[in-house]
Amino acid sequence: MHALNTKTTRLTALLCTIAVAVVVGSFIYVASQRKQSLRKQNEIAQLAKEQMEEELLQLQEEYGLQVEKLRQGTGYGEQYMHLSSDALLEELGQEKAKVAQLTEELRLTKASNSNKIKKLSDEVKSLRKVLRSYVQQVDSLYTVNTQLKKENESVKRSFEEASRKADKLSAEKEDLTQKVTLAEKLELKEVRCTPLDKRGRATNKLNRVTHLRFDFTILRNVSAKVGLRKVYIRLLNPNDMPITSSSAGAFQYEGSTLQATASKQIEYGGDDLKETIYWNIEQTLIEGTYHADFFTDGVRIGRLTFQL
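Residues numbered from 1 in each chain as written. Predicted model: local features only at pLDDT ≥ 70, side-chain atom pairs only at ≥ 80, totals over all residues. Heavy atoms only, no water.

## Quick notes on the sheet that holds strand β2 (residues 211–218)
Keep this limit in mind: Only when DSSP finds a minimum of two bridges between them are two strands counted as paired. For the purposes of this entry, the term helix denotes a DSSP run of H or I that reaches at least four residues, the term strand denotes a run of E that reaches at least two, and both are numbered from the N terminus. Inter-axis angles, ranging from 0 to 180 degrees, are taken between N-to-C directions of lines fitted to C-alpha atoms, where helices are fitted over the stretch in contact.
The three strands are arranged β1-β2-β8 in an open sheet whose pairing can be described as antiparallel. With one partner strand each, in any of the chains shown, β1 (188–196) and β8 (273–280) form the two edges of the open sheet. Ignoring which end each strand starts from, the neighbouring axes of this sheet average 15° apart. Pairing between β2 and β8: eight bridges, direction antiparallel. Across the sheet, residue leucine 212 finds its bridge partner in β8, namely tryptophan 279.

Laid out in structure tokens, this is it:
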């Protein structure tokens, strides 16, 4: 009986030991599994945090790309395009600032803070959705302004082409005008100067000369306009100084106003016309070579060189 009790006691102790070992082992196993699970959760949370950091970095770059695209791709349209671009630039800048702020918050948040991580993740998704909206707006503006730029360049090319044609026509017109002017230009022949004394007789003595008589013939020109016109004579003394007379009047020549020495109104009919102009000497003349230039219609039509 005593031996039986001893065996029972040993068996009970063994069973208790086994039970304790099983319970302890279970606790150890559960604790180990929990630790592993927690480690995996931390690893997953850390991976999620890193992915979010990477996504925020991409968002930062993409917002920057949209800003740059908007700056480079717009500005060729009307004022409302500028206003739209400026408004979008401001909004994109604000969203980009939000990305930078989330990036800083994420950096300061521990991976184990699941609630905070989830909140930040939701905000990142929202920013991603907002970005898609801005991409559409920027692309739309970019397309419109690119088209406007092409149209402006086309208009500019058309304007330049029209300007070239206008310049060519202007040059052709000027050339034609010059040709017509040359064709209408009167020319002189048989131009002579005769010094006269006070009795109207020709003289070679300078101290007796009181008048100069200029004889000339205007050549026939069927292209020239017929009618009244004024012929001007402008004398240059041996020192190439002009001899002027207030009674002879002034005329235009090559953009300048010149004072004449003598003048006369004639009526030209298109055929050869002989004319004479007298100049009453009003000052002392010096001995030497003189030049007499003849003008009408703002054009020099002849020149005579003579000695006194």
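Structure shown, so let's carry the discussion forward.
## Details of the confidence of the model for the chain
Convention followed: The pLDDT value tells you how sure the predictor is about a given residue, anywhere from 0 up to 100. Any two residues whose heavy atoms approach within 4.5 Å are treated as being in contact.
Considering every residue of the chain, the mean pLDDT works out to 78; 76% of them sit at 70 or more. Across residues 75–81, confidence stays below pLDDT 50; counting only partners more than four residues off in sequence or on other chains, it has 14 contacts.

## So, the packing of aromatic side chains
Defined as follows: Note on aromatic pairs: the rings of Phe, Tyr and Trp (six-membered ring only in Trp) are paired at centre separations within 6.5 Å, and the planes decide the class, stacked below 30 degrees, edge-to-face beyond 60, tilted for the rest. Using a 1.4 Å probe on the protein chains alone, a residue whose accessible area is under 20% of its type maximum counts as buried, one over 50% counts as exposed, and one in between counts as partly exposed.
By the definition in use, this model includes seven aromatic pairs. Ring plane angle 70° and centroid distance 6.1 Å describe the contact between phenylalanine 214 and phenylalanine 306, whose orientation is recorded as edge-to-face. With phenylalanine 214 in strand β2 and phenylalanine 306 in strand β10 (residues 299–307), this pair connects stretches of sequence that are 92 residues apart. Exposure remark for phenylalanine 306: the relative accessible area of 9% places this residue in the buried category. Taking the centre distance of 5.8 Å and the plane angle of 15° together, the rings of tyrosine 290 and phenylalanine 306 count as stacked.

## Some thoughts on unusual backbone geometry
Positive phi values are uncommon outside glycine, yet aspartate 240 reaches one of about 60°. Within the secondary structure, aspartate 240 is located in the loop between β3 (227–236) and β4 (242–243).

## Quick notes on the pairing of β3
Where a strand is regular, its side chains alternate between the two sheet faces. Buried residues dominate β3, accounting for seven of its 10 residues. Sheet topology places β3 next to strand β7 (residues 262–268); seven bridges connect them, and they run antiparallel. Across the sheet, tyrosine 232 pairs through a bridge with serine 263, a residue of β7. Where β3 meets strand β9 (residues 289–296), five bridges bridge the pair, whose relative direction is antiparallel. Its bridge partner lying in β9, leucine 235 is registered against alanine 292. Note: β3 against β4, two bridges, orientation antiparallel. Paired with leucine 235 across the two strands is isoleucine 243, which belongs to β4.

## Some remarks on the pattern of salt bridges
Worth spelling out the cut-off: A side-chain nitrogen of Lys or Arg and a carboxyl oxygen of Asp or Glu constitute a salt bridge if their distance falls within 4 Å.
Following the criterion strictly, the structure yields eight salt bridges and no others. For glutamate 275, the salt bridge identified is with lysine 264, shortest N-O distance 2.8 Å. Linking glutamate 275 in strand β8 with lysine 264 in strand β7, this pair joins segments that are 11 residues apart in sequence. On the accessibility criterion, glutamate 275 (14% relative accessible area) is buried. According to the relative accessible area criterion, lysine 264 is partly exposed, its value standing at 29%. Across the salt bridge formed by aspartate 293 and arginine 303, the nearest N and O atoms sit 2.6 Å from each other. One end of the pair, aspartate 293, is in strand β9; the other, arginine 303, is in strand β10, with 10 residues separating them in the sequence. The network of salt bridges with shared partners includes Asp293, Arg300 and Arg303.

## With respect to the side chain of serine 245
The following threshold applies: N or O atoms closer than or at 3.5 Å make up a polar contact, with two conditions inside protein: a donor-capable atom paired with an acceptor-capable one, and, for residues adjacent in sequence, both atoms drawn from side chains.
Tracing the backbone shows serine 245 in the loop between β4 and β5 (250–253). Taking relative accessible area as the criterion, serine 245 reaches 3% and is therefore assigned buried. Side chain to side chain, serine 245 and serine 247 meet in a polar contact 3.0 Å long. Apart from residues no more than four positions distant in its own chain, serine 245 is found in contact with Gln259, Ala260, Thr261, Trp279 and Glu282.

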